[in-house]
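As a plain string of letters, each chain reads:
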Amino acid sequence: FPYYALTNDGTLENRGNFVNNRSRLNRLYGIIAREKVLAYYKVDFRPRVRDRDLKFMARMIEASKSEITDNLSEARFIVAIYPDQKTNPFTGSKLIPYLEESFIEYLDYTDLFIDKPDYWIKHDGHPNAKAHEELGTRLVQDLALSSPTD
């Protein structure tokens, strides 16, 4: 995994990869991922998303936009914000003010299936095929794309 960080002046810096440059943290993640005791007791590490994390995400998105639009002059760069789940403390909607500040166009799907528990894999927290199908349909509509059957 690539490893990026923000410098003190807000510049995005490539620091190589996560395995080599965050080796202790990478090993800890590996141990946690293999440890069946955590899953057995349903221990879940909820992400803490702070203001600096949101700024970092927005800066990464900004850099991606620059890279794409610099190389593809006709490209339209749009961020799709994935639907939220009520039990997740990090909601994509928290990123929206940072995208707006950077003049990045986005599609807000945070509420698309907020009240649809059958769109989530039970005891897992990830969206299922039904959720992906609905989101895909909405993306096609919102981006005015032709459907695959046309």
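The structure reproduced in this document is the subject of the present report. (Residues numbered from 1 in each chain as written. Predicted model: local features only at pLDDT ≥ 70, side-chain atom pairs only at ≥ 80, totals over all residues. Heavy atoms only, no water.)

1. Considering the pattern of salt bridges
To keep things clear, this is the line we draw: We define a salt bridge as a contact between a side-chain nitrogen of Lys or Arg and a carboxyl oxygen of Asp or Glu at a distance within 4 Å. Only protein chains enter the accessibility calculation, which uses a 1.4 Å probe; a residue is then buried when its area is under 20% of its type maximum, exposed when over 50%, and partly exposed in between. Strands here mean DSSP runs of E at least two residues long; helices mean DSSP runs of H or I at least four residues long; both are numbered from the N terminus.
With the rule as written, the count across this model stands at seven salt bridges. Here aspartate 53 makes a salt bridge to arginine 50, at a shortest N to O gap of 3.4 Å. In this structure aspartate 53 comes out as partly exposed when scored by relative accessible area, which is 21%. By relative accessible area, which is 34% here, arginine 50 ends up partly exposed. The partner of aspartate 142 in a salt bridge is arginine 138, with the nearest N and O atoms 3.6 Å apart. Taken together, the residues aspartate 142 and arginine 138, both in helix H6 (residues 129–142) and four residues apart, mark about one turn of the helix.

2. Observations regarding the nonpolar core
This is how the line gets drawn: The definition of a nonpolar core used throughout is a set of buried Ala, Val, Leu, Ile, Met, Phe, Trp, Tyr and Cys residues joined through side-chain atoms within 4.5 Å. A contact between two residues is defined here by any heavy atoms of the two lying within 4.5 Å.
Residues Leu54, Ala58, Ile61, Phe77, Val79, Ile81, Leu95, Ile96, Tyr98, Leu99 and Ile104 constitute the largest nonpolar core, which totals eleven residues. For this core, the elements supplying multiple residues, two or more each, are helix H4 (51–71), strand S3 (78–81) and helix H5 (96–101). When residues no more than four places from it in sequence are discounted, the contact partners of phenylalanine 77 are Ile61, Ser64, Lys65, Ile68, Thr69, Ile104 and Glu105. Counting eight residues, the second largest nonpolar core, distinct from the first, contains Leu107, Leu112, Phe113 and Ala131.

3. Some words on the packing of aromatic side chains
Defined as follows: Pairing of aromatic side chains here covers Phe, Tyr and the six-membered ring of Trp, requires ring centres within 6.5 Å, and sorts the geometry by plane angle: under 30 degrees stacked, over 60 edge-to-face, intermediate tilted.
Scanning all chains against the criterion turns up three aromatic pairs. Seen from their ring centres, tyrosine 82 and phenylalanine 113 are 6.2 Å apart, and the 80 degrees between their planes marks the pair as edge-to-face. Of this pair, tyrosine 82 sits in the loop between S3 and H5 while phenylalanine 113 sits in the loop between strand S4 (105–108) and H6; the two residues are 31 residues apart in sequence, bridging distant segments of the chain. Ring geometry for phenylalanine 113 against tyrosine 119: centres 5.0 Å apart, planes inclined by 45 degrees, an arrangement best described as tilted.

4. Notes on H4
Note the threshold: One fewer than the residue count of a helix, multiplied by 1.5 Å, yields its expected span.
The terminal C-alpha atoms of H4 lie 30 Å apart, and with 21 residues this matches the ideal 30 Å at 1.5 Å per residue to within 8%. Where H4 is buried, its residues meet S3 and H5.

5. Some words on the pairing of strand S1 (residues 2–6)
Defined as follows: Should DSSP find at least two bridges between two strands, the strands are regarded as paired.
Side chains Tyr3 and Ala5 project from S1 onto a buried face, and the interleaved Pro2, Tyr4 and Leu6 project onto a face without burial. A loop of five residues connects S1 with strand S2 (residues 12–17), the two strands running antiparallel in sequence, and glycine 10 in this loop sits at a positive phi of about 90 degrees.

6. Regarding unusual backbone geometry
A positive phi angle, close to 55 degrees, is found at phenylalanine 103, a residue other than glycine. Relative to the helices and strands, phenylalanine 103 is located in the loop between H5 and S4. You can call phenylalanine 103 exposed: its relative accessible area is 70%.

7. Some details on H6
Stated precisely, the cut-off is as follows: Note that the arc is computed from the directions linking the helix axis to the C-beta atoms. Residues adjacent in sequence count toward polar contacts only when both atoms are side-chain atoms; beyond that, a polar contact is any pair of N or O atoms within 3.5 Å, and within protein one must be able to donate a hydrogen and the other to accept it.
Taking 1.5 Å per residue as the helical rise, H6 with its 14 residues ought to reach 20 Å, and the 20 Å between its terminal C-alpha atoms agrees with that figure. Taken together, the buried positions of H6 are occupied by Ala131, Glu134 and Leu135. Down the axis, H6 shows its buried residues gathered within 95 degrees of arc, on one side only. Turned more than 90 degrees away from the buried face of H6 sit Ala129 and Glu133, all of them exposed. A side-chain oxygen of the first residue of H6 lies 3.1 Å from the backbone nitrogen of lysine 130; this N-cap is asparagine 128. Just beyond H6, the residue with positive phi is alanine 144, at close to 55 degrees.

8. A closer look at the side chain of glutamate 134
Inspection of the secondary structure puts glutamate 134 in helix H6. Of the polar contacts made by the side chain of glutamate 134, one reaches the side chain of tyrosine 119; its length is 2.5 Å. Apart from the residues lying within four places of it in its own chain, the contact partners of glutamate 134 are Leu112, Lys116 and Tyr119.

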